[in-house]
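Coordinate analysis (summary)
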Amino acid sequence: MEALKALHTRVSSPRLTGEVTETQLHNIFRAALRAPDHALLRPWRFLLIQDESREKLGEVFIRAALKKAPDLTPTELARIRAKPLRAPLIIAAIARVTEHPSVPEIEQLISCGAAVQNMMLAAYAQGVGAMWRTGVMAYDRMVQEDLGLEDNEQIIGYLYLGQIPGKSRVFRELDIDEFFQVWTGD
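Residues numbered from 1 in each chain as written. Predicted model: local features only at pLDDT ≥ 70, side-chain atom pairs only at ≥ 80, totals over all residues. Heavy atoms only, no water.

1. Comments concerning the overall build of the chain
In plain terms, the rule: Per the convention used, a helix needs a DSSP run of H or I reaching at least four residues, while a strand needs a run of E reaching at least two, with both numbered from the N terminus. The rule is simple: take the accessible area with a 1.4 Å probe, protein chains only, and divide by the maximum for that residue type; under 20% is buried, over 50% is exposed, in between is partly exposed. Contact definition: two residues touch when any of their heavy atoms are within 4.5 Å. Accessible surface area values rest on a Shrake-Rupley calculation with a 1.4 Å probe, where residue burial reflects the displayed protein chains alone.
Tallying secondary structure elements over the chain gives seven helices and four strands in all. Listed by position from the N terminus, the elements making up the chain come as α-α-β-α-α-β-α-β-α-α-β. Overall, the C-alpha framework of the chain stretches about 55 × 45 × 35 Å when taken along its three principal axes. Evaluated residue by residue, the chain yields a buried proportion of 40% over its 186 residues. Looking at the chain alone, contacts between residues at least 24 apart form 79% of all its contacts between residues at least 6 apart. Summed over its atoms, the accessible surface of the chain is roughly 11,500 Å², and 55% of this surface lies on carbon and sulfur atoms.

See below:
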């Protein structure tokens, strides 16, 4: 797929099945490492969660949820436990912030976000479905600790990857003039 076509037509896929090939993954990983990166800090790292590790992540989510709300119903617990099972592969994108005299924290966080966007585009260009998810389980410190994050790290999101069952959604084109204006300084 041409780069502009991927940029203009990419959509998220909430439910994914099947497998992502090693070649597809390699291309996705390479795309992440080309994200803008002021001072070449490489302010990111990624955890691959697949196979039975997805079920283990579901149990991590359950422990975190019960710590905050011990009276969750069995239905609510089942829904939380099933979240990591929505795709065959999840990549936890982790921003690793370091002190730097000319690169503030926000730039490092955005750089990690750009790496995730690059991965989504590389996936889409290869016919692989992707969904970037965050939510409370991305920001929960207990989840972060269970995943081995250090104090200077935070989860930017979980990138769910797999094959799209059926057709992709199609969205209407947005009006460019609604979002882009010329600034004249007057």
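Right, picking up where we left off after that structure.
2. Remarks on the sheet that holds strand 2 (residues 89-96)
Selection criterion: For two strands to count as paired, DSSP must find a minimum of two bridges between them. Every axis corresponds to a line fitted to the C-alpha atoms, with the helix fit spanning only the stretch in contact, and the corresponding angles, defined between N-to-C directions, vary from 0 to 180 degrees.
Ordered in space as 1-2-4-3, the four strands form an open sheet in which the pairing is antiparallel. Edge positions in the sheet fall to strand 1 (44-50) and strand 3 (129-133), since each has one partner strand and no second. Taken over all neighbouring pairs, the strand axes of this sheet differ in orientation by 25° on average, direction set aside. Note: strand 3 against strand 4 (residues 153-162), five bridges, orientation antiparallel. By the bridge assignment, Arg133 is partnered in strand 4 with Tyr158.

3. Notes on unusual backbone geometry
As a rule of thumb, non-glycine residues mostly have phi less than zero, and peptide bonds are mostly trans rather than cis. Phi is positive for Ala39, which is not a glycine, with a value near 70°. Relative to the elements of secondary structure, Ala39 occurs in the loop between helix 2 (22-32) and strand 1.

4. Things to note about the side chain of Arg133
Put simply, the rule reads: Neither His nor the chain termini are counted; the positive set is Lys and Arg, and the negative set is Asp and Glu. We count a salt bridge whenever a side-chain nitrogen from Lys or Arg sits within 4 Å of a carboxyl oxygen from Asp or Glu. Two N or O atoms form a polar contact when they lie within 3.5 Å of each other; inside protein one atom must be a possible hydrogen donor and the other a possible acceptor, and for residues adjacent in sequence the pair counts only when both atoms belong to side chains.
By the element assignment, Arg133 lies in strand 3. Among buried Asp, Glu, Lys and Arg side chains, Arg133 stands out as unpaired, with Glu19 the closest opposite charge at 17 Å. Engagement of the side chain of Arg133 in a polar contact is seen with the backbone oxygen of Pro14, the distance being 3.1 Å.

5. Re the environment of Arg96
By the element assignment, Arg96 lies in strand 2. Overall, the relative accessible area of 31% leaves Arg96 in the partly exposed class. For the pair formed by Arg96 and Arg10, sequence separation is 86 residues and the distance between their alpha carbons is 27 Å. Ignoring sequence-local partners within four residues, the contact set of Arg96 consists of Arg42, Pro43, Trp44, Arg45, Gln108, Asn152 and Glu153.

6. What about the packing of aromatic side chains?
Defined as follows: Aromatic pairs are defined between Phe, Tyr and Trp rings, using the six-membered ring for Trp, whenever the two ring centres lie within 6.5 Å; interplanar angles under 30 degrees are classed as stacked, those over 60 as edge-to-face, and all others as tilted.
Enumeration according to the criterion identifies one aromatic pair in this entry. Ring geometry for Phe61 against Tyr158: centres 5.8 Å apart, planes inclined by 70°, an arrangement best described as edge-to-face. Here Phe61 is found in helix 3 (residues 53-68), whereas its partner Tyr158 is found in strand 4, with 97 residues between them in sequence. Here Phe61 and Tyr158 have matching classes, each one buried.

7. Things to note about the side chain of Ser13
Tracing the backbone shows Ser13 in the loop between helix 1 (3-9) and helix 2. Excluding residues that lie within four positions of it along the chain, Ser13 makes contacts with Gly129, Ala130, Met131 and Ile164.

8. Comments concerning the nonpolar core
What counts here: Joining through side-chain atoms within 4.5 Å is the link that ties buried Ala, Val, Leu, Ile, Met, Phe, Trp, Tyr and Cys residues into a set, and such a set is a nonpolar core.
Of all hydrophobic cores here, the largest spans 26 residues; its most connected members are Ile28, Met119, Leu159 and Leu161. Among the secondary structure elements, those contributing two or more residues to this core are helix 2, strand 2, helix 5 (105-125) and strand 4. When residues of this core are assigned to their parent elements, the largest contribution, nine residues, is made by helix 5. In this structure, Ala64, Met142, Ile155 and Tyr158 belong to the second largest nonpolar core, which totals 24 residues.

9. Side note on the pattern of salt bridges
In the structure shown here, the tally under the stated rule is six salt bridges. A salt bridge links Arg45 to Glu153; the shortest N-O distance between them is 2.7 Å. You can see Arg45 sitting in strand 1 and its partner Glu153 sitting in strand 4, a full 108 residues away along the chain. Residue Arg63 pairs with Asp146 through a salt bridge whose shortest N-O separation is 3.0 Å.

10. Considerations on the packing of helix 2 against helix 5
Defined as follows: In this scheme the crossing of two helices becomes right-handed for a clockwise turn of the near helix relative to the far one and left-handed for an anticlockwise turn of less than a right angle. Lys, Arg, Asp and Glu make up the charged group, whereas Ala, Val, Leu, Ile, Met, Phe, Trp, Tyr, Cys and Pro make up the nonpolar group; the residues left over, Gly among them, are polar.
Put simply, helix 2 and helix 5 touch, their axes get as near as 7 Å, and they point 150° apart. Of the two elements, helix 2 crosses helix 5, and the hand of that crossing is right-handed. Where helix 2 abuts helix 5, its residues Asn27, Ile28, Ala31 and Ala32 lie against Ala115, Asn118, Met119, Ala122 and Ala123. Grouping the amino acids of the contact of helix 2 with helix 5 by side-chain chemistry returns seven nonpolar, two polar and no charged.

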